[in-house]
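Letter by letter, the chains look like this.
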Amino acid sequence: MHKRLYKIRCYIAYMRIILTLLILWTLITCPLNTIARQTDDQQISYIKSEVKRINQGLNQTIIERLHMQGTSLDDAETLVFLNGDNKRKIVINQFGETGKVSTALYYDDKGLIYAHSKKHEYNRPIQENTGSEKPSEAGALEIEQSEIEENQYFFNDETMIRWQQNQSNTIQKEELRYKIREEYLLELSNTLSTQIKANR
């Protein structure tokens, strides 16, 4: 009987310790997550103001056309906006039979801070009209009926701190596609930067 009571008391004491540790963990991690969130929000506020400033000053920049031969952007229209020797914005327009993708990368003195992409999917493929061509069952091509996917990417110190899709949907950092997209954009930025230096 005494052994049974002793085991019960030990079990209760053990559960109290576990519960106390869980409470302490919650008290520690929640403020840290809140601080991290506030820091990201502050950085994003800075990025938005910097992007606005860059766009307002584009009339004072030098525009160069970048030829990306031997890369996946070989057929793309790539424009670089330079303020002195510093790139401030790079715009990439890619055109296809079924749509187009426009991507803009923004930079401050430290590096990439923001990327914005807009993907248009046409209501039907672009086809060259000929006299013998029969009308498509899908109807005429109407650009204004394109399906549009818009993405915003915020960066701080070579790290993507937020991915906003179609204004309202925030992609979580824990998702695999988040890391894949982060690596793709950083690699794209590095490739463009290397090509800009090579052209000078």
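Small disclaimer: the values here were computed from a predicted structure and weren't measured.

Criteria and thresholds
Residues numbered from 1 in each chain as written. Predicted model: local features only at pLDDT ≥ 70, side-chain atom pairs only at ≥ 80, totals over all residues. Heavy atoms only, no water. Helix = DSSP H or I, 4+ residues; strand = E, 2+ residues; numbered from the N terminus. Buried < 20%, exposed > 50% of the residue type's maximum accessible area, 1.4 Å probe, protein only. Pairing = 2+ DSSP bridges. Axes fitted to C-alpha atoms, helices over the stretch in contact; angles between N-to-C directions. Contact = heavy atoms within 4.5 Å. Expected span 1.5 Å × (residues − 1). Core = buried A, V, L, I, M, F, W, Y, C linked by side-chain atoms within 4.5 Å.

Brief notes about the environment of K110
Mapped onto the elements of the fold, K110 is located in the loop between β4 (99-107) and β5 (112-121). You can call K110 exposed: its relative accessible area is 81%. Spatially, the C-alpha atoms of K110 and D157 are 7.7 Å apart, while their sequence positions differ by 47 residues.

Some thoughts on the sheet that holds strand β3 (residues 86-95)
In spatial order, the strands read β1-β2-β3-β4-β5-β6-β7-β8; together these eight strands make up an open sheet with antiparallel pairing. Sheet topology places β1 (62-66) and β8 (169-171) at the edges, where each strand pairs with a single neighbour. Across the sheet, the mean angle from the axis of one strand to that of its neighbour is 20 degrees, orientation sign disregarded. Both β3 and β4 contribute to a ladder of seven bridges, which runs antiparallel. Within β4, the residue paired with Q94 across the bridge is V101. Packing against the sheet, helix α2 (residues 176-198) makes contact with β1, β2 (77-83), β3, β4, β5, β6 (147-156), β7 (159-165) and β8, and its axis sits at approximately 115 degrees to β7.

Things to note about unusual backbone geometry
For D157, which is not glycine, the phi dihedral falls at a positive 55 degrees. Along the polypeptide, D157 turns up in the loop between β6 and β7. Unusually for a residue other than glycine, E158 sits at a positive phi of about 65 degrees. Along the polypeptide, E158 turns up in the loop between β6 and β7. We classify E158 as partly exposed; its relative accessible area is 45%.

Let's talk about α2
Across its 23 residues, α2 extends 33 Å between first and last C-alpha, which sits within 8% of the 33 Å expected from 1.5 Å per residue. Taken together, the buried positions of α2 are Y178, E182, L185, L186, L188, S189, L192, S193 and I196.

Overview of the nonpolar core
Grouped together as the largest cluster of nonpolar side chains are 22 residues, with contacts concentrated most on I90, L105, Y153, F155, M160 and L192. Contributing elements (two or more residues each) for this core: β2, β3, β4, β5, β6, β7 and α2. Considering each element in turn, this core owes the most residues, six residues, to α2. With 14 residues, the next largest nonpolar core counts I47, L79, Y106 and I113 among its residues.

Quick notes on the pairing of β2
Burial analysis of β2 places five of its seven residues in the buried class, which makes it a mostly covered element. Relative to β2, β1 runs antiparallel, the two being bridged by five bridges. Note that in β2 the partner of E64 across the bridge is V80. Relative to β3, β2 runs antiparallel, the two being bridged by seven bridges. Note on β3: the bridge partner recorded for N83 is N86. Hairpin connection between β2 and β3: a loop of two residues separates the two successive antiparallel strands, and G84 in this loop has a positive phi of roughly 70 degrees.

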